[in-house]
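# Close look at the chain arrangement
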Amino acid sequence: MDIQVQHARRLLTDERAPVPKRSVIVIGAGVAGLKAVQELAQDPALDVRCFEANDYVGGRVRTLYEDGPDGTPISSEYGAAWIHGEERGAEINPILTLARDLGIQLVATPSMGCVRCDGTSADFSSSATDYFQLVWGLFHQLELDAHLALMAAGEVKSVSVIDYSIRMSETLFKHIQEHLMADVIRVYRQFQNNYAVSFEEMNAASFAIMKEFHGEHHLLVQGYTELVARLLRRHSLQHRISLRHTVLGVERVAEAGAQRFAVRVRTPQGAEEVHF
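### Regarding the overall build of the protein chain
The helix and strand tally for the protein chain stands at nine helices and 15 strands. Expressed as a percentage of the 276 residues in the protein chain, the buried residues total 33%. Accessible area of the protein chain: about 17,100 Å², with a carbon and sulfur share of 54%.

What follows is the structure, encoded as structure tokens:
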């Protein structure tokens, strides 16, 4: 009887038992991962965590800070440097939007530029870098031509950029003299630096589907790491991130009755399950 009374009282006073939170695991604490954590964590029904393999957050964002000759702090980017472009049709570059929302000081620059210690921009393009851009453009066009040919042959999904390069080597050498091959090697290296992936891993289809943002490029006066730091501080994300948690595997696990399932995320520290 007492149990029935208590149940009735809960119904009358609308004292419902709290609904268990659903777990969400974000893999990688780069800028995209951190933004995903921030957005998901706004839902009180979600318990959001992030696994990061490195001992720092930011992914490709790594800024080195040191004092200049006159003691003025200067920053050097070891990873991402520019926010490339502003818009793509009606779409605004989301990194640019994020930087502005966080109050990051930005300086518009040419594609080959830098920020002086006083916060102004400088263009360091020259005839040498102009020539390098010509080589870059030629190389990119040859890659695109090779991609289109392979796409027509139905091979685009399985061919890497390095395989393209081997297949197109005769065409490439026909356009670039032997003493200019050093520039081609520089282009290869810069491609890999820009995309943070080796040519053995990059799918050549990317050359056809990439849609770049247009407009001015922007450098972050205080360094790209400042964007990450402000994102962490403003939304108090630090406690949600587990560093040195390399994800070894992600697998689906069926539950009893087959009406529900779980996703198991394995790390050296153990396994975590997210239930659906």
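### Examining the pattern of salt bridges
Under the defined criterion, the tally for this structure stands at seven salt bridges. A salt bridge links Arg 233 to Glu 226, with the shortest nitrogen-to-oxygen separation between them at 3.5 Å. Between Glu 273 and Arg 264 there is a salt bridge whose closest N-O contact spans 2.7 Å. Residue classification places Arg 264 among the partly exposed residues on the basis of a relative accessible area of 25%. Salt bridges sharing common partners tie together Glu 226, Arg 230 and Arg 233.

### A short note on the packing of helix α3 (residues 94-101) against helix α9 (residues 224-235)
Two elements in contact, α3 and α9, have axes whose closest approach is 10 Å; the angle formed by their N-to-C orientations is 65°. Crossing hand, α3 versus α9: left-handed. Of the residues in α9, those touching α3 at Ile 95, Leu 98, Ala 99 and Asp 101 are Tyr 224, Leu 227, Leu 231 and Arg 234. Here the contact of α3 with α9 is composed, by residue class, of six nonpolar, no polar and two charged.

### A short note on the pairing of strand β3 (residues 63-67)
Side-chain direction in a regular strand flips from residue to residue, so the side chains alternate between the two faces of the sheet. Two strands pair when backbone bridges link them, and β3 and strand β4 (residues 73-77) are joined in this way by five bridges, in the antiparallel orientation. Bridge assignment links Glu 66 to a residue of β4, and that residue is Ile 74. With antiparallel pairing between neighbouring strands as the criterion, β3 and β4 make up a hairpin whose turn holds five residues, including Gly 71 at a positive phi of roughly 90°.

### Quick word on the nonpolar core
Judged by nonpolar contacts, the single largest core of 25 residues is most densely connected at Leu 34 and Leu 227. Going through the elements one at a time, β1 (22-27), α2 (31-40), β2 (46-51), α3 and α9 are the ones with two or more residues in this core. With five residues, α9 is the single largest residue contributor to this core. Setting aside its immediate chain neighbours within four residues, Leu 227 contacts Val 31, Ile 95, Leu 98, Ala 99, Leu 102, Ile 104 and Leu 220. Core analysis: the second largest hydrophobic core is formed by five residues, Phe 51, Val 263, Val 265 and Val 274 among them.

### Some remarks on the sheet that holds strand β13 (residues 249-254)
Pairing is antiparallel in the open sheet, where three strands are placed in the order β13-β14-β15. What marks the edges here is a single partner per strand, and that holds for β13 and β15 (270-275). Within the sheet, the average angular offset between the axes of one strand and its neighbour, ignoring direction, is 25°. Note: β13 against strand β14 (residues 261-267), six bridges, orientation antiparallel. Its bridge partner being in β14, Ala 254 is matched across the sheet by Phe 261.

### Focus on the side chain of Glu 52
Within the element layout of this structure, Glu 52 appears in the loop between β2 and β3. Buried charge Glu 52 goes without a salt bridge, the closest partner of opposite sign being Arg 62 at 9.1 Å. Leave out the neighbours within four places in its chain, and Glu 52 touches Gly 28, Ala 29, Gly 30, Ile 241, Ser 242, Leu 243, Arg 244 and His 245.

### Some thoughts on the sheet that holds β2
Ordered in space as β1-β2-β12, the three strands form an open sheet in which the pairing is parallel. Looking at the sheet topology across the chains shown, the edges are occupied by β1 and β12 (241-242). Sheet analysis places β1 next to β2, joined by six bridges and oriented parallel. The residue of β2 that forms the bridge with Ile 25 is Arg 49. Here α2 sits on the sheet in contact with β1, β2 and β12, set at roughly 165° to β1.

### Observations regarding unusual backbone geometry
Look at Ser 236: it is not a glycine, yet its phi comes out positive at around 50°. A relative accessible area of 42% places Ser 236 in the partly exposed class. With phi around 55°, Arg 244 is a residue other than glycine that occupies positive phi space. Along the chain, Arg 244 turns up in the loop between β12 and β13. Relative accessible area serves as the criterion here: at 54%, Arg 244 is assigned to the exposed category.

Parameters and conventions
- Residues numbered from 1 in each chain as written.
- Predicted model: local features only at pLDDT ≥ 70, side-chain atom pairs only at ≥ 80, totals over all residues.
- Heavy atoms only, no water.
- Helix = DSSP H or I, 4+ residues; strand = E, 2+ residues; numbered from the N terminus.
- Buried < 20%, exposed > 50% of the residue type's maximum accessible area, 1.4 Å probe, protein only.
- Areas by Shrake-Rupley, 256 points an atom, 1.4 Å probe, with all protein chains shown as cover.
- Salt bridge = Lys/Arg side-chain N within 4 Å of Asp/Glu carboxyl O.
- Axes fitted to C-alpha atoms, helices over the stretch in contact; angles between N-to-C directions.
- Left-handed = near helix turned anticlockwise from the far one by under 90°.
- Contact = heavy atoms within 4.5 Å.
- Nonpolar A, V, L, I, M, F, W, Y, C, P; charged D, E, K, R; others polar.
- Pairing = 2+ DSSP bridges.
- Core = buried A, V, L, I, M, F, W, Y, C linked by side-chain atoms within 4.5 Å.
- Lys, Arg positive; Asp, Glu negative; His and termini not counted.

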